[in-house]
Amino acid sequence: MACMESKLDSKTSPKRRNRPEYTDYRRAAFIRKMYVGEIGGDSMTKNEVLFEVTENHLNTGLRGIPVGTCRTSFVTPSEGVHYCGYPISELAAFEPEDIVYLLFNKELPNAEQSAAIRQDLASRAAVPGDLESVLKTLPKFGHPMDWLSVGIHTLGMMETTNNWKDDALNLIARMPRLMGLIFRIREGREENIPSDDTSLSMVERFIRCLDLHDANTEKMKRIISTYLVLHMDHGGGNLSTFAGKAIASSKATVYSAMAGAMNALSGPLHGRANQSCLEFVLKVGTSDPAEVEAFVRAELAANRPIFGFGHAVLRSEDPRATVQFELGSQICPEDENFKIITTLREVAPRVLSENPKISNPNANVDIASGALLHHAGLTDPTYYTTFFGWARVAGIGAQIVDERTVFRGGKGLPIYRPKYIAEGQNLRHVE
Ligand code: AMX
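None of the values given here were measured: they were computed from a predicted structure.

**Q** Is there a simple way to explain the overall build of the protein in this structure?
**A** What the protein contains, in helices and strands, is 18 helices and 3 strands. When burial is assessed residue by residue, the protein has 42% of its 431 residues classed as buried. Counting only contacts in the protein whose residues sit at least 6 apart along the sequence, the fraction spanning at least 24 positions is 75%.

**Q** When you look at unusual backbone geometry in this model, what are you seeing that I'm missing?
**A** Negative phi is the rule for most residues except glycine; trans is the rule for most peptide bonds. Of note in the backbone geometry, N59 takes a positive phi value of approximately 55° without being a glycine. Considering the arrangement of structural elements, one finds N59 in the loop between helix 3 (25-35) and strand 1 (73-76). Judged by the 11 C-beta atoms lying within 10 Å of it, N59 is exposed. The residue K251 is not glycine, and still its phi comes out positive at about 70°. Looking at the element boundaries, K251 is found in the loop between helix 11 (239-248) and helix 12 (254-265).

**Q** Any chance you could explain the site of the ligand here in plain terms?
**A** Taken together, the neighbourhood of the ligand is formed by 19 residues, with A273, F309, G310, A312 and S359 sitting nearest. Tallied by class, residues from the shell around the ligand come to 9 nonpolar, 7 polar and 3 charged.

**Q** Even after reading the chapter, I still don't get the pairing of strand 1, so can you show me in this structure?
**A** On any regular strand, side chains alternate: one points to one face of the sheet, the next to the other face. Here 4 bridges tie strand 1 to strand 2 (residues 80-83), and the two strands are oriented antiparallel to one another. When the sheet's bridge partners are listed, V75 is paired in strand 2 with V81. From the end of strand 1 to the start of strand 2, which pair antiparallel, there are 3 residues.

**Q** When you look at the confidence of the model for the protein in this model, what are you seeing that I'm missing?
**A** Parts of the prediction with low pLDDT should not have their coordinates interpreted in detail. Mean pLDDT over the protein works out to 91, with 90% of the residues at or above the 70 mark. Counting interchain partners and residues more than four positions distant, the pLDDT-below-50 stretch residues 35-40 has 10 contacts.

**Q** Looking at this model, I keep getting lost on the environment of L58. Mind explaining?
**A** With respect to the helices and strands, the residue L58 is situated in the loop between helix 3 and strand 1. Since 14 C-beta atoms lie within 10 Å of it, L58 is described here as partly exposed. The spatial distance from the C-alpha of L58 to the C-alpha of I421 is 8.8 Å, given a sequence separation of 363 residues.

**Q** I'm lost on the nonpolar core in this one. Help?
**A** Soluble globular proteins tend to bury their nonpolar side chains together. Judged by nonpolar contacts, the single largest core of 107 residues is most densely connected at I99, L103, L171, I172, V254, M258 and A394. Counting residues per element, this core draws most heavily on helix 8 (residues 164-186), at 13 residues.

**Q** When you look at helix 13 (residues 273-284) in this model, what are you seeing that I'm missing?
**A** Given 3.6 residues per turn, any residue in an α-helix points the same way as the ones three and four places further on. The terminal C-alpha atoms of helix 13, which comprises 12 residues, lie 16 Å apart, in line with the 16 Å expected from a rise of 1.5 Å per residue. Within helix 13, burial applies to A273, N274, Q275, C277, L278, F280, V281 and V284. Directly after helix 13, the chain includes G285, whose backbone phi takes a positive value near 70°.

Rules behind the numbers
- Residues numbered from 1 in each chain as written.
- Predicted model: local features only at pLDDT ≥ 70, side-chain atom pairs only at ≥ 80, totals over all residues.
- Helix = DSSP H or I, 4+ residues; strand = E, 2+ residues; numbered from the N terminus.
- Buried ≥ 20, exposed ≤ 12 C-beta atoms within 10 Å, placed from the backbone.
- Contact = placed C-beta atoms within 7 Å.
- Near = placed C-beta within 6 Å.
- Nonpolar A, V, L, I, M, F, W, Y, C, P; charged D, E, K, R; others polar.
- Pairing = 2+ DSSP bridges.
- pLDDT = per-residue confidence, 0-100.
- Core = buried A, V, L, I, M, F, W, Y, C linked by C-beta atoms within 7 Å.
- Expected span 1.5 Å × (residues − 1).

Below you can see the structure in the form of structure tokens.
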């Protein structure tokens, strides 16, 4: 096995020393080059050494090890996620349909293309079977992410074309109805569900299905639209995207791959963190700075995480958090939860900075999304990860289509097969 002297940061803990991203100067150089466009696409030469694998890299969850290329998005430590080169902060005001177009076509649509993608999605939107009857059989106490995964599988059983792009776009177009039905049926509001109106936008179709009489639908639309745009993609290696692409590499269907991706997203270390964040905000329960600081310190003393702060890649406030704070200050500055997260945003980074091992004490995307969804009338945090999943279906779908139909001159990537090295398994024989 090739071994290389690692350049260790003297400030790093032994635990961090084992992480490739902190120990391998080649990775730092690789990332720098990638961000300035020296690596990727046509500029990559086939023989260039990108990374050297040492024993330190084993059993680290592939963290930081380059395994492929991504045409839809990348993440930088300072500006966060970019879709097809555009920093997310510049895309936040677009409609979700336009960002679906961007992820699939790698260009923002002009007015004509924008109208065409809406029409295309509308033409694919009708659910091709009795989804309601299937959802009505599911246990009401099951987690909404499990409902989402079953719902996606069910859509696949109802119709799969086996054309990667058609299946990905069909699923994106059917997600609003699936999402609305999950809410309605799981909450026991099974009667008088409005029929789908495919002439509406994706978010409007979800809101129509939800049919919450006391909700401010304009605010809800703005909050959910922004949420979807901010969460649609996040590079190629996040767990749900990676899992979805790995499953699709066996030529399983888009629906099977996406249901698997949603299962990965449902974990508390991945997508379900946004549910935990709002639960955390509700637990803080005050926007008084001194009380919030005492709460944060008590949580840290009890070895509990300060939800909504920190990030594996970003080293400044996540621009997706900044966008949502700006949105909240426009539409709900007096909302109690919004006031709590505003105080947390001032207090927590200062307290977390006292601990030098925390790489990024600033707010992440999850700090604000729950407070905004709550303000919109979606008050049960158990559902929040399904919005994340809804959004990610676009990015994961686009990445699956790229891997299956664009890479290797259109032949698609081979089936994923990373190497594992045998441990504790000396050859022996049954006596
Ligand atoms: N509260 C308490 N401790 C924190 C912390 C926080 N917000 N952020 C980092 N730390 C701790 C880590 O647990 C780690 O401790 P350890 O050495 O004892 O294991 C140490 O500081 C160093 O961590 P790091 O290198 O700065 O970050 P990471 O890549 O290991 O973890 C993350 C990143 C997001 C998991 C972490 O910051 C965290 O747990 N945050 C709180 C939970 C949260 O908000 N999750 C949502 C993530 C949103 C997202 O990524 N999309």
